Amino acid sequence: MSYKPPRILIIPGLHDSGPAHWQTWLQGQYRDVRRVTQRDASRPDLERWAERIQRTLEVAAVSNEAGEWLAVAHSFGCLALARHLADRPDSPIREALFVAPAEPDKFGLAEALPHHRLPRRSRLIASMNDPWMSAASAARWAHRWGASYSNLGAVGHINAEAGFGPFPVAKSWIEAARARAAAEQRPRHAEFREWAFAV
């Protein structure tokens, strides 16, 4: 069976990500993408949002799209993704990218989120002047989740309003994550003659 690279799962925040948002741009960069669509994107319900991530993955599996995933979340979608990963240790999500998470305390959800290392490799990207989460809080949550942390400077909420249509950082993360996955899989899929020299 030929190796299939991990597919991409887009997880928007409140009010979804419109046509000018970098998540929509990123979705257009790849063919093998699924987008989590909440029933009510204006209502921040952590349990329902996390369950919707699970449901989206289940539907994809039934549609013969089984395999590993790379999850790219923004704002409140980051909180839903963290909850999903904590609740579903068997999740097919291989790696997670959290971009500009929303502050859990704004929704009274700090205790409902994991306060420990998540079971997947992850990266959290924040901003110095994000109105939805301070840089200090973002660094704390990254540490709790065991995520690598980077701060892009004074770039707001890293959304369309802040000028983020194209977002090459997210695409670079996907390419690096896919390269890691391919490197891990290669010995299993290499033909015998490729490895005969090692004998």
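As the structure is a computational prediction, the values presented were derived from the model and not from experiment.

A.B. asks: Describe the overall build of the protein chain, and please don't skip the residues or the numbers.
C.D. replies: When you go through the protein chain residue by residue, the secondary structure sums to six helices and six strands. Secondary structure elements of the protein chain occur, N-terminal to C-terminal, as β-α-β-α-β-α-β-β-α-β-α-α. For 199 residues, the compact-globule formula gives about 16 Å, and the C-alpha radius of gyration of the protein chain, at 17 Å, lands near that figure. Going through the 199 residues of the protein chain one by one, you find that 49% of them count as buried. Long-range contacts, defined as pairs at least 24 residues apart, comprise 78% of the intrachain contacts of the protein chain with a sequence gap of at least 6. Looking at the protein chain as shown, the accessible area adds up to about 10000 Å², and 52% of this sits on carbon and sulfur atoms.

A.B. asks: Which residues make up the sheet that holds strand E1 (residues 7-11), and what values go with them?
C.D. replies: In spatial order, the strands read E2-E1-E3-E4-E5-E6; together these six strands make up an open sheet with parallel pairing. One side of each edge strand has no neighbouring strand; the edge strands of this open sheet are strand E2 (33-35) and strand E6 (148-151). Within the sheet, the average angular offset between the axes of one strand and its neighbour, ignoring direction, is 15°. In the sheet, strand E3 (residues 69-75) pairs with strand E4 (residues 93-101) via seven bridges, with the strands oriented parallel. Paired with Ser75 across the bridge in E4 is Pro101.

A.B. asks: Provide a residue-level description of the pattern of salt bridges, including the pertinent values.
C.D. replies: On inspection of all chains with the given rule, the structure shows 12 salt bridges. Arg180 serves as the salt-bridge partner of Glu95, at 2.7 Å between the closest nitrogen and oxygen. Of the two residues, Glu95 sits in strand E4 while Arg180 sits in helix H5 (residues 168-189), which places them 85 residues apart along the sequence. Judged by relative accessible area, which is 3%, Glu95 ranks as buried. Salt bridges sharing partners connect three or more residues here, namely Arg43, Asp45 and Arg48.

A.B. asks: Any chance you could break down unusual backbone geometry for me, citing the residues and the numbers?
C.D. replies: For residues besides glycine, phi is generally negative; the peptide bonds are generally trans as well. Positioned with a positive phi, His15 is a non-glycine residue whose angle comes to about 65°. Structurally, His15 can be placed in the loop between E1 and helix H1 (22-29). Here His15 falls in the exposed class, since its relative accessible area comes to 59%. With a phi close to 55°, Ser75 is a non-glycine residue in the positive phi region. Residue placement: Ser75 occurs in strand E3. Taking the relative accessible area as the measure of exposure, Ser75 reaches 6% and is therefore buried.

A.B. asks: How would you summarise the pairing of E6 if you had to cite specific residues and measurements?
C.D. replies: In this structure, strand E5 (residues 121-126) lies alongside E6, joined through four bridges in parallel fashion. In the sheet register, Ala126 faces E6, and the bridge partner there is Asn151. At this point the chain moves from E5, through helix H4 (residues 135-145), to the parallel E6, and the crossover so formed is right-handed.

A.B. asks: Outline the packing of aromatic side chains, supporting the account with residue identities and numerical values.
C.D. replies: Under the definition given, this model contains seven aromatic pairs. A centroid spacing of 5.0 Å and a plane angle of 40° characterise the contact between Phe98 and Trp145, whose relative ring orientation is tilted. On the criterion of sequence distance, the pair formed by Phe98 in strand E4 and Trp145 in helix H4 is long-range, its members being 47 residues apart. Assessed through its relative accessible area of 0%, Phe98 is described here as buried. Every member of this aromatic cluster is reached through a ring pair, and the members are Trp49, Phe76, Phe107 and Trp132. Directly above the aromatic system of Trp132 lies the positively charged group of Lys106, at a separation of 5.9 Å from the ring centroid.

A.B. asks: Lay out the side chain of Arg35 with the relevant residues and their values.
C.D. replies: In this structure, Arg35 sits in strand E2. The exposure class of Arg35 is buried, given its relative accessible area of 19%. In this structure the side chain of Arg35 is engaged in a polar contact, spanning 2.9 Å, whose partner is the side chain of Asp16. Once you skip the residues sitting within four places of it in the chain, Arg35 turns out to touch Ile10, Pro12, Asp16, Ser17, Thr24, Gln27 and Thr56.

Cut-offs and rules
- Residues numbered from 1 in each chain as written.
- Predicted model: local features only at pLDDT ≥ 70, side-chain atom pairs only at ≥ 80, totals over all residues.
- Heavy atoms only, no water.
- Helix = DSSP H or I, 4+ residues; strand = E, 2+ residues; numbered from the N terminus.
- Rg over C-alpha atoms; globule rule 2.2 N^0.38 Å.
- Buried < 20%, exposed > 50% of the residue type's maximum accessible area, 1.4 Å probe, protein only.
- Contact = heavy atoms within 4.5 Å.
- Areas by Shrake-Rupley, 256 points an atom, 1.4 Å probe, with all protein chains shown as cover.
- Pairing = 2+ DSSP bridges.
- Axes fitted to C-alpha atoms, helices over the stretch in contact; angles between N-to-C directions.
- Salt bridge = Lys/Arg side-chain N within 4 Å of Asp/Glu carboxyl O.
- Right-handed = clockwise from strand over helix to strand, strands pointing away.
- Phe/Tyr/Trp six-rings, centres within 6.5 Å; stacked < 30°, edge-to-face > 60°.
- Lys NZ or Arg CZ within 6 Å of the ring centre and 35° of its normal.
- Polar contact = N/O pair within 3.5 Å; in protein donor to acceptor, adjacent residues only side chain to side chain.

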